[in-house]
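Take a look at the letters that make up each chain.
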Amino acid sequence: MGVTLPGQIPRRWLHSAIPLAVFALLLVYLWARNLRCGSGTQSCIAEGPPPFQVQQQSGPLEGPEWEEPQCLGPQGMLGHMMRSFRASLNTEGDVELSQYLAGWRELVRFLTPLGSIFAFATSEASAKVTALEALVHGPQAAHYTSLGTMVAWERPEIAPPPSAKASGSVTMLLLHRALRWSQLCLHRVATGMLGGPDAGVQCSDAYGTALAPHHTWLVRQAVHLAFLAFPSRGRLLQLMCPGARETEARAALARAAGTLEDVYNRTQGLLAERGLLELAGGRKEGSTPRRRRYS
């Protein structure tokens, strides 16, 4: 049995005293917090996002009591856009160009009022839609009914292709890339979690994935500056689906993004089968087009 010298504290007392001291400090903290909360000068409700968060997922976001908002109805722009794009997916596994371009016209109308970055993207897309429409309704219209017939007609071994500047296949590829950015942006606006990255960051990331690799440095810098004025997620949801509750607007956008993804995947497969995904890969948009031979 050890001897305790004067002025020394037994070690076993220290082992017992440390947890007791921690417990006492905890009691003092709780007492002080209750006193502060009861004073009425400060709220003790924990700060943070509301308990409801939209989970990130690729599927639909409709709840059991979800009602279709007007933006998806017969008069809604989202509804018009989705119906045209769906109609472009024919039963033969091809993409009907007239319906595809009609869907793009509705997408341009839908995106243009949403802010400067959308206006920039849609002005570029609108010019390409016009160029393709000239082929669809031009003297060689029979060869421009679908993506498959257009590519077959423009291949060198089948018929002399038009100039690269007017090539429908190149124009289609550029629209295809822009559709991917639109789809990713709409999906991320719809599914972004409360407290997570804002819509501008998410759509900027989508631009970096889908379009930035094909743009010049100057265009990329201009686009990134435009994203600084990107609307908030709440404002976008109000503009994209007017009059709908947030959950309804999110579900509507998720549906629209799903439709765009279906069209993108069909087009991606057809372009990949024909070796055309890099058709415009050797030049940046805005530079002088060069004549290319298809693989």
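Reference entry: report on the structure contained in this document. (Residues numbered from 1 in each chain as written. Predicted model: local features only at pLDDT ≥ 70, side-chain atom pairs only at ≥ 80, totals over all residues. Heavy atoms only, no water.)

**A closer look at the overall build of the protein chain**
If you tally the helices and strands in the protein chain, you get 10 helices and zero strands. Counting helices and strands in the order they occur from the N terminus, the protein chain gives α-α-α-α-α-α-α-α-α-α. Burial analysis of the protein chain (295 residues in total) assigns 40% to the buried set. A separation threshold of at least 6 residues defines the contact pool for the protein chain, and within that pool the share at least 24 residues apart is 69%. (Helix = DSSP H or I, 4+ residues; strand = E, 2+ residues; numbered from the N terminus. Buried < 20%, exposed > 50% of the residue type's maximum accessible area, 1.4 Å probe, protein only. Contact = heavy atoms within 4.5 Å.)

**Some remarks on the pattern of salt bridges**
Within the structure shown, the criterion is met by six salt bridges. With its nearest N and O atoms 2.9 Å apart, the salt bridge here joins Arg 105 to Glu 133. Here Glu 133 lies in helix α4 (residues 116-136) and Arg 105 lies in helix α3 (residues 97-111), a separation of 28 residues in the sequence. Judged by relative accessible area, which is 21%, Glu 133 ranks as partly exposed. Close ionic contact of Glu 124 with Lys 128 constitutes a salt bridge, the shortest N to O distance being 3.5 Å. Linking Glu 124 with Lys 128, this pair stays in helix α4, spanning four residues, or about one helical turn. (Salt bridge = Lys/Arg side-chain N within 4 Å of Asp/Glu carboxyl O.)

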